[in-house]
Amino acid sequence: MEHVFLHCTGCGEAPSSIMGLCQACGGAVMPRYRLPPGRLSRATIEARPPLLLSAWAELLPFHDPASLASAGFGEMATPLLPAPRLGRRIGLPRLHLKLDLLLPSLSHKDRPHTAVVAAALEQGGTRIALASSGNGGAALAMHARRAGIEAVVVLGREGAPSPSKLARLRTLGARLEWVEGGLDAANRRVEAGAAAGEWLPATTWTNPFVVEGEKTIGFEIARQTGWRGPDALFLPLGGGAAVVAPWKGLGELQALGLLERMPRLYGAQFAHCAPVVAAFDRGDEAIHPVRPEPSLTSVLMVGNPRIGGPLALRALRGTGGAARAVPDATVLRAMRLLAAEEGIGAEPAGAIALAAALQEAEAGRLPPEAEVVALVCGSAANDPEAVAAMVEGA
Ligand SMILES: [Zn+2]
């Protein structure tokens, strides 16, 4: 991997280890790729089977493609589906939906956790841990099992997941470990266990393979739009990785001359927990932590995205996009429209990007001729309680 270099997004230095935050400044470490001109062409990529991660091997930091095969289920690129009927209903006739809810764990989390588990295999790890109450834990459990590694999901007793989510984690063979407190306490336990050598952490930013896997959303959208890129790309925004990673992927293709232009990126937060939107509206780079209020879902409820928040702001501002807060009622409307017009059942976090596009169009901030892509990142099956709320309110 002589073309892969490590870079700290905080201080710009070159850290010596890919795992962990930058020793000098606590910033996120990311690999950068310096491919010789002509090494990777559009034709080369198009000639390959569209495997989820290994189709992009030159732009991923793995020593051996076999590790990806051992951690995955043979997943292919997800469809970028034209949705003209739904699009006309919301004033965006050139709307396309990126259907990551079709991946095996029923959310986009197969991308990061295939990469995380493949990296663990290459590092000789036998156990991997994540603090998660939702889709991340389920995806990690599936891919770890597939690779013969143990997955530990650390849960806080405050804000514990619903019985259906716990049952799913148990069914997938995850070892559950409970701590007093909420998500922050669970994350601290994962980091302490990693420092003590109990496991490898699958935590976003501490483990750069999370972003490296997730960035393939950007790669696929570039390829599926004929390497032009859409006008606007709407993404969910919680801890920041779902915005930062596609931005990184699109930027890497643009730097290689494979993508014509960077789309405007929009990050959608639930109005009940929107610290990045608050910073965007203040014109600030710093995130002021908030305490999430009860909402439709626990997914995306990150009150203090300390590392990912500022990086997401860089992505949104740098591309001419925006961070937007979406009320629960608008998310429920987007869920109903997705089901009624296109036959797609999404969970609230899976429909929030579409809801933000709808909101933007209704506010007159997106012209009807705009080519718009919304990521539908999670299935209704992940969150039966929220879907019941949608049906009851209809
Ligand atoms: Zn640094």
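Predicted model only: the values in this text are computed from it and were never measured.

**Considering the sheet that holds strand β5 (residues 127–131)**
Part 1 of the argument: One open sheet accounts for four strands, arranged β7-β6-β5-β8; its pairing is parallel. Where the open sheet ends on each side, the last strands, each with one partner, are β7 (175–179) and β8 (200–201).
Part 2 of the argument: Alignment of β5 against β8, held across two bridges, turns out to be parallel. By the bridge assignment for β8, alanine 129 is matched with proline 201.

**Concerning the pairing of strand β12 (residues 372–376)**
Consecutive residues of a regular strand have side chains that alternate between opposite faces of the sheet.
Part 1 of the argument: Counting buried positions along β12 yields five of five residues, so the element is predominantly enclosed.
Part 2 of the argument: One ladder, built from five bridges, connects strand β4 (residues 95–99) with β12; its direction is parallel. Paired with leucine 97 across the two strands is alanine 374, which belongs to β12.
Part 3 of the argument: Two elements, strand β9 (residues 232–236) and β12, share three bridges in a ladder whose sense is parallel. For phenylalanine 234, the partnering residue across the bridge sits in β12 and is alanine 374.

**What about the coordination of the zinc ion?**
Part 1 of the argument: The protein atoms donating to the zinc ion are Cys8 (SG), Cys11 (SG), Cys22 (SG) and Cys25 (SG), with metal-donor distances spanning 2.2 to 2.4 Å.
Part 2 of the argument: Given four donor atoms and angles of 98 to 115° at the metal, the environment of the zinc ion is assigned as tetrahedral.
Part 3 of the argument: Residue cysteine 11 is classed as partly exposed on the basis of its relative accessible area, which comes to 35%.

**Regarding the packing of helix α10 (residues 241–255) against helix α12 (residues 308–318)**
Part 1 of the argument: Interhelical geometry of α10 versus α12 gives an angle of 50° and a closest axis separation of 8 Å. Regarding the angle of α10 to α12, the classification is oblique. Judged by the sense of rotation from one axis to the other, the crossing of α10 with α12 is left-handed. Across the interface between the two elements, Val243, Val244 and Trp247 of α10 pack against Gly308, Leu311, Ala312, Arg314, Ala315 and Leu316 of α12.

Calculation criteria
- Every chain's residues receive numbers from 1 upward, in the order its sequence appears when written.
- With the structure being a predicted model, the display of local features is reserved for residues of pLDDT at least 70 and the display and counting of side-chain atom pairs for 80 or more, all residues being used for whole-chain, interface and lining totals.
- Side-chain measures here rest on the full set of heavy atoms in the structure, leaving out hydrogens and waters.
- Think of it this way: DSSP has to see at least two bridges between two strands before they count as a pair.
- Only DSSP runs of H or I covering at least 4 residues are called helices, and only runs of E covering at least 2 are called strands; the numbering of each starts at the N terminus.
- Only protein chains enter the area calculation, which uses a 1.4 Å probe; residues under 20% of their type maximum are buried, those over 50% are exposed, and those in between are partly exposed.
- Each metal site lists N, O and S donors within 2.8 Å (3.2 Å for Na, K and Ca). With water left out of the atoms, a site can look as if it is missing ligands.
- Here a site with four donors is tetrahedral if all angles are between 85 and 135 degrees, and a site with four or six donors is square planar or octahedral if opposite donors are over 155 degrees apart and the other angles are between 65 and 115; anything else gets the irregular label.
- Helix axes use the C-alpha atoms of the stretch in contact, all axes being lines fitted to C-alpha atoms, and the angles between their N-to-C directions lie in the range 0 to 180 degrees.
- Working rule for angles: under 35 degrees goes down as roughly parallel, over 145 as roughly antiparallel, 65 to 115 as roughly perpendicular, anything else as oblique.
- Each crossing gets its handedness from the near helix: less than a right angle anticlockwise from the far helix is left-handed, clockwise is right-handed.
- Two residues qualify as a contact provided that any one of their heavy atoms is within 4.5 Å of a heavy atom in the partner residue.

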